[in-house]
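# Descriptive analysis of the structure
Residue-level listing of the chains:
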Amino acid sequence: MNGSAETDVRRGIQTVGLVLAMACALFMVAYVGYGEAWRTYPRIELDRLAAQDETVQNALDPLIKAGLPVASIPGF
């Protein structure tokens, strides 16, 4: 009977150890992911704004080169 109790305790300790190891690994993945997002997000935003700028520039260049004043373009 005593051997069974020791086995149960040992199994419980192993389970707690595995749960702690998994929790630490999950925390590390989340921490690294958050840091990577924090590092790369501004560059993604700037690239997106540059793409929008290029789209507007391509749409307005022919009108400006034709000599139309910017005030005559709706939205400006």
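Below, the structure is looked at part by part. (Residues numbered from 1 in each chain as written. Predicted model: local features only at pLDDT ≥ 70, side-chain atom pairs only at ≥ 80, totals over all residues. Heavy atoms only, no water.)

### Remarks on the overall build of the protein
Check the secondary structure of the protein and you find 1 helix and 0 strands. Computed over the C-alpha atoms, the radius of gyration of the protein is 30 Å, more than 25% above the 11 Å expected from 2.2 N^0.38 for a compact globule of 76 residues. When the backbone C-alpha atoms are referred to their principal axes, the protein occupies close to 95 × 20 × 15 Å. Within the protein, buried positions represent 4% of all 76 residues. (Helix = DSSP H or I, 4+ residues; strand = E, 2+ residues; numbered from the N terminus. Rg over C-alpha atoms; globule rule 2.2 N^0.38 Å. Buried < 20%, exposed > 50% of the residue type's maximum accessible area, 1.4 Å probe, protein only.)

### A closer look at the packing of aromatic side chains
Counted under the stated rule, the structure contains 2 aromatic pairs. Ring geometry for Phe27 versus Tyr31: centroids 6.1 Å apart, planes at 20°, classification stacked. Pair noted here: Phe27 and Tyr31 are both in helix H1 (residues 2-65), with a separation of 4 residues, about one helical turn. What makes Tyr31 exposed here is its relative accessible area of 59%. Measuring from ring centre to ring centre gives 6.3 Å for Tyr34 and Trp38, while their planes differ by 25°; the resulting arrangement is stacked. Linking Tyr34 with Trp38, this pair stays in helix H1, spanning 4 residues, or about one helical turn. For the pair shown, Tyr34 and Trp38 are each scored as exposed. (Phe/Tyr/Trp six-rings, centres within 6.5 Å; stacked < 30°, edge-to-face > 60°.)

### Let's talk about the pattern of salt bridges
Applying the stated criterion to the full structure yields 2 salt bridges. With its nearest N and O atoms 2.5 Å apart, the salt bridge here joins Glu36 to Arg39. Within this pair, Glu36 and its partner Arg39 are both found in helix H1, separated by 3 residues, close to a single helical turn. Exposure remark for Glu36: the relative accessible area of 38% places this residue in the partly exposed category. The closest approach of N and O atoms between Arg48 and Glu45, which form a salt bridge, is 3.1 Å. (Salt bridge = Lys/Arg side-chain N within 4 Å of Asp/Glu carboxyl O.)

### Side note on the environment of Leu60
Relative to the helices and strands, Leu60 resides in helix H1. When its relative accessible area of 16% is taken as the criterion, Leu60 is described as buried. Expressed as a C-alpha distance, the spacing of Leu60 and Val70, which sit 10 residues apart in the sequence, is 8.9 Å. Filtering out sequence-adjacent residues up to four positions away, Leu60 remains in contact with Ile73 and Phe76. (Contact = heavy atoms within 4.5 Å.)

### With respect to the environment of Phe76
Structurally, the position occupied by Phe76 is in the segment after H1. Residue Phe76 is classed as exposed on the basis of its relative accessible area of 57%. When sequence neighbours within four positions are dropped, the list of residues in contact with Phe76 reads Leu60, Val70 and Ala71.

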